[in-house]
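Geometric and topological summary
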Amino acid sequence: MTKKINAVASGHELTSFTAKEILKAGGNAFDAAIAAYLSMFVTEPCMASAGAAGFAMTYQNGKSRLYDFFCQTPKSKASRDKIDFYPITVDFGKEQEIFHVGLASAAVPGAIAGMFKIHQDLGKLPFSELIAIPSQLAREGVALNNFQAYDVKLLAPIARKSFVGLRMFYKDDEPKRFGDLIQIPELPDFLSFLAEEGAEGFYRGEIGRKISYDAQNNGGFLSRKDFEGYKVLVKDPISMPYRGMNLQLPALPSLGGMLMGIVLNQTHHSLEEDFVYTNALLKNPDNLKTAFEERTGIHIKENIFDFNNKGTSHLNVMDSDGNAISLTTSLGEGSGYFIPGIGQQLNNMLGESFLLPEGFHNWREDRRMSS
């Protein structure tokens, strides 16, 4: 008899620990992934946040679905006398890269809406039980491991203009290092608020109002209508035959499914060649769509819009009943703006020149961004 097991993989040991504890407590894979994602706000703060966004591929009872909770561009590019949008240089050692941050770099975040939609559709345990471990981690603090310490060193300069960012990422006026604690004392109260008020409390309540007020009065584009109109999109994945199997790949606006389809249908098998080829396609996403359709024979109806591929983390959970979820999240590099009262940084998806080939602020209004 085959033994049924749980399986978890993530970018941090305490992210995985959270998921495993929820599974032990009787939660399913989706409960475990939600709790793990909330823990990432502390364990992987350069990658995940209530101001971030992402995608989740889910599998339950033979049905796969893609939950798109990625960023939406603002509904209006209303003119401003001055916008909060400025360059930050990130030093990678051998090379440097310039990113743009500030309130005008922020798109509508989908992280909180995504977690509640997945919980509503697929969850088992009460949301109030899923916040216990993330809240404990936020109160007690999480020591930076080598990878997170490297990220903090790279991205801490973006957080310098905020008192919350300085407190979170700096110690003695230097970026925190391996072993230093990341603590977010505001997070437990925020998570308790979410457990009581749900996503409505974030998007239509006080938090959405605070972000909108700051954006409208301090050089950003986000408005109340942007938050009130945000919706999680649930889609069928791309279904692709492969070696006698039927692969379920993420559909647009995620570009990962098409990249995987192209690589699996390459006539050569060199990983180096695959890397060079797919990176060339990413420089022109329209060519990516054409290449996928030519290689697989599968037609993609949707169009590719602005896309982003930085500051990303991932987790996977499968439970002993065969439920599975694969979740990707991105904060970009972070905008440097921390949402008042909750200690969470907003994304900077509108602030990377490589991802905006028509130039800054030429994004199309009220569109889902691709990743």
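You'll find the structure just up there.
These remarks concern the structure in this document.

Conventions we followed
- Residues numbered from 1 in each chain as written.
- Predicted model: local features only at pLDDT ≥ 70, side-chain atom pairs only at ≥ 80, totals over all residues.
- Heavy atoms only, no water.
- Helix = DSSP H or I, 4+ residues; strand = E, 2+ residues; numbered from the N terminus.
- Polar contact = N/O pair within 3.5 Å; in protein donor to acceptor, adjacent residues only side chain to side chain.
- Buried < 20%, exposed > 50% of the residue type's maximum accessible area, 1.4 Å probe, protein only.
- Pairing = 2+ DSSP bridges.
- Axes fitted to C-alpha atoms, helices over the stretch in contact; angles between N-to-C directions.
- Contact = heavy atoms within 4.5 Å.
- Core = buried A, V, L, I, M, F, W, Y, C linked by side-chain atoms within 4.5 Å.
- Parallel < 35°, antiparallel > 145°, perpendicular 65-115°, else oblique.
- Salt bridge = Lys/Arg side-chain N within 4 Å of Asp/Glu carboxyl O.

1. A word on the side chain of Asp 84
Mapped onto the fold, Asp 84 is located in the loop between strand E3 (63–69) and strand E4 (86–91). At 2.9 Å, the side chain of Asp 84 forms a polar contact with the backbone nitrogen of Leu 103.

2. A short note on the side chain of Asp 68
Secondary-structure assignment places Asp 68 in strand E3. Residue class for Asp 68 comes out buried when judged on its relative accessible area of 0%. Looking at Asp 68, its side chain comes within polar contact range of the main-chain nitrogen of Phe 70, at 2.9 Å.

3. Quick notes on the pairing of strand E14 (residues 324–330)
Regular strands show a simple pattern: their side chains alternate between the two faces of the sheet. In this sheet, E14 lies alongside strand E2 (residues 53–60) in antiparallel orientation, the contact comprising seven bridges. Bridging across to E14, Tyr 59 finds its partner in Ala 324. Relative to E14, strand E13 (residues 312–318) runs antiparallel, the two sharing seven bridges. Note on E14: the bridge partner recorded for Asn 316 is Ser 326.

4. Let's talk about the sheet that holds E13
The strand order across the open sheet built from six strands is E1-E13-E14-E2-E3-E10, with neighbouring strands paired in antiparallel fashion. One side of each edge strand has no neighbouring strand; the edge strands of this open sheet are strand E1 (7–10) and strand E10 (233–235). Averaged over all adjacent pairs, the angle separating strand axes in this sheet is 10 degrees, with direction ignored. Summarising the sheet, E3 and E10 pair through three bridges and their orientation is antiparallel. Considered in E10, the bridge of Tyr 67 is made with Val 234. On the sheet, helix H1 (residues 13–24) packs against E1 and E13 and is oriented at approximately 155 degrees with respect to E1. The sheet contacts of helix H2 (residues 29–43) involve E2, E3, E13 and E14, and relative to E13 the element is tilted by about 155 degrees.

5. What to know about the nonpolar core
Of all hydrophobic cores here, the largest spans 82 residues; its most connected members are Tyr 37, Ile 118, Phe 169, Phe 190 and Phe 202. It is H2 that contributes the most residues to this core, twelve residues altogether. Ile 118 has contacts with Phe 30, Ile 34, Ala 56, Tyr 67, Phe 69, Gly 123 and Ile 325, leaving out every residue within four places of it along the chain. In this structure, Ala 53, Leu 66, Phe 70 and Cys 71 belong to the second largest nonpolar core, which totals 14 residues.

6. Comments concerning the packing of helix H8 (residues 187–203) against helix H9 (residues 206–217)
Here H8 crosses H9 at 65 degrees, and the two axes come no closer than 8 Å. As judged from the angle between their axes, H8 and H9 are roughly perpendicular. When H8 is examined against H9, the residues Phe 190, Phe 193, Gly 201, Phe 202 and Tyr 203 are found in contact with a partner set consisting of Glu 206, Ile 207, Gly 208 and Ile 211.

7. Side note on the pattern of salt bridges
Scanning all chains against the criterion turns up 13 salt bridges. The salt bridge partner of Lys 235 is Asp 68, with a shortest N-O separation of 3.8 Å. Here Asp 68 lies in strand E3 and Lys 235 lies in strand E10, a separation of 167 residues in the sequence. In this structure, Arg 167 and Glu 186 form a salt bridge, with 2.9 Å as the shortest nitrogen-oxygen distance. Taken together, the residues Arg 167 in helix H7 (residues 163–169) and Glu 186 in the loop between strand E9 (181–182) and H8 connect sequence positions 19 residues apart. Taking relative accessible area as the criterion, Glu 186 reaches 18% and is therefore assigned buried. Connected through shared salt-bridge partners, Asp 68, Lys 235 and Arg 368 make up one network.

8. A look at unusual backbone geometry
Of note, Asp 172 is a non-glycine position whose phi angle comes to about 55 degrees, a positive value. Locating Asp 172 in the fold gives a position in the loop between strand E7 (170–171) and strand E8 (174–175). Residue Asp 172 is classed as exposed on the basis of its relative accessible area, which comes to 70%. Backbone geometry at Asp 173 places phi at a positive 65 degrees, although glycine is not the residue there. With respect to the element layout, Asp 173 can be found in the loop between E7 and E8. Among the residues examined, Asp 173 registers a relative accessible area of 52% and is labelled exposed.

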